Amino acid sequence: MVYVHIAEGFEEVEALTIVDVLRRAECKVMTVSMTDEYIVTGTHEIAVKTDMLFGEADYDSCEMIVLPGGMPGASNLQEHKGLEAQIKAFASAGKKLAAICAAPMVLAAHGALQGKSATIYPGMEEFLKGATPTGEAVTKDGNVITGQGPALAMEFALKLVEDLKGAQVRDEVAKGLLCREY
């Protein structure tokens, strides 16, 4: 199971691309509201109905935590104490973590990027405390995948598919989406 965490002010392109691509790859993926409501509104005023509230999520069955960016979405993710505890637990257990755009700052703030290479939205590198910024579109270092931003959501999502299902499934999904690189 993959949990994509949706906070008020999330970046819609990132969140929905990730969910769509993972579902095309037949990954079990659920959206998790970081509010007390199932409906969460993104930074561009698009309201999305999530699959569950944070308190309903079973992190023992979760294989990967995914954090879309956007502002103030990433800040709202960072302030959520329950998510902080899960990120720390996943990091210490070597379980999969992924964040795009501004959201890698959440992983860094909670110690999950310590000693790792990572990328973030350009100009936000100062928030990658403990990590080595790569400036790459998408960076994978061990159990962590980070991406730069909205236009790279497809590349980021395909990297998640590769990590979860392998390069062959990634290539099949990319071909079906008419991605020219695969």
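Now for a look at the structure at hand. (Residues numbered from 1 in each chain as written. Predicted model: local features only at pLDDT ≥ 70, side-chain atom pairs only at ≥ 80, totals over all residues. Heavy atoms only, no water.)

Some remarks on the pattern of salt bridges
And then number 1: Under the counting rule described, the total for this entry stands at 9 salt bridges.
And then number 2: The partner of Asp-51 in a salt bridge is Arg-23, and the shortest N-O contact between them spans 3.1 Å. Here the residue Asp-51 occupies a position in the loop between strand 4 (47–49) and strand 5 (52–53), and Arg-23 occupies one in helix 1 (residues 12–24), the gap between them amounting to 28 residues.
And then number 3: Residue classification places Arg-23 among the partly exposed positions, given a relative accessible area of 41%.
And then number 4: Glu-84 is the salt-bridge partner of Lys-88, the closest N and O atoms lying 2.8 Å from each other. Within this pair, Lys-88 and its partner Glu-84 are both found in helix 3 (residues 81–93), separated by 4 residues, close to a single helical turn.
And then number 5: By relative accessible area, Glu-84 is classed as buried at 15%.
And then number 6: One salt-bridge network, held together by shared partners, links Lys-159, Glu-162, Arg-170 and Asp-171. (Salt bridge = Lys/Arg side-chain N within 4 Å of Asp/Glu carboxyl O. Helix = DSSP H or I, 4+ residues; strand = E, 2+ residues; numbered from the N terminus. Buried < 20%, exposed > 50% of the residue type's maximum accessible area, 1.4 Å probe, protein only.)

Let's talk about the sheet that holds strand 11 (residues 144–147)
And then number 1: Ordered in space as 5-2-1-6-7-11-10, the 7 strands form an open sheet in which the pairing is mixed. Both outer strands of the open sheet, strand 5 and strand 10 (138–141), are each paired with one neighbouring strand and no more.
And then number 2: Along the sheet, helix 3 contacts strand 1 (2–6), strand 6 (64–67) and strand 7 (96–100); its crossing angle with strand 6, the most-contacted strand, is approximately 130 degrees.
And then number 3: Those strands touched by helix 5 (residues 153–165) are strand 1, strand 6, strand 7, strand 10 and strand 11, and its axis lies near 175 degrees from that of strand 7. (Pairing = 2+ DSSP bridges. Contact = heavy atoms within 4.5 Å. Axes fitted to C-alpha atoms, helices over the stretch in contact; angles between N-to-C directions.)

Quick word on the pairing of strand 11
And then number 1: Side chains Val-144 and Thr-146 of strand 11 all project onto a buried face; the interleaved residues Ile-145 and Gly-147 project onto the opposite face, where all are buried too.
And then number 2: Relative to strand 11, strand 7 runs parallel, the two being bridged by 4 bridges. Note that in strand 11 the partner of Ala-98 across the bridge is Ile-145.
And then number 3: Where strand 10 lies against strand 11, 4 bridges are found, and the strand directions are antiparallel. Pairing of Asp-141 across the sheet is with Val-144, part of strand 11.
And then number 4: Taken together, strand 10 and the strand that follows it, strand 11, pair antiparallel across an intervening segment of 2 residues, in which Gly-142 is found at a positive phi of about 65 degrees.

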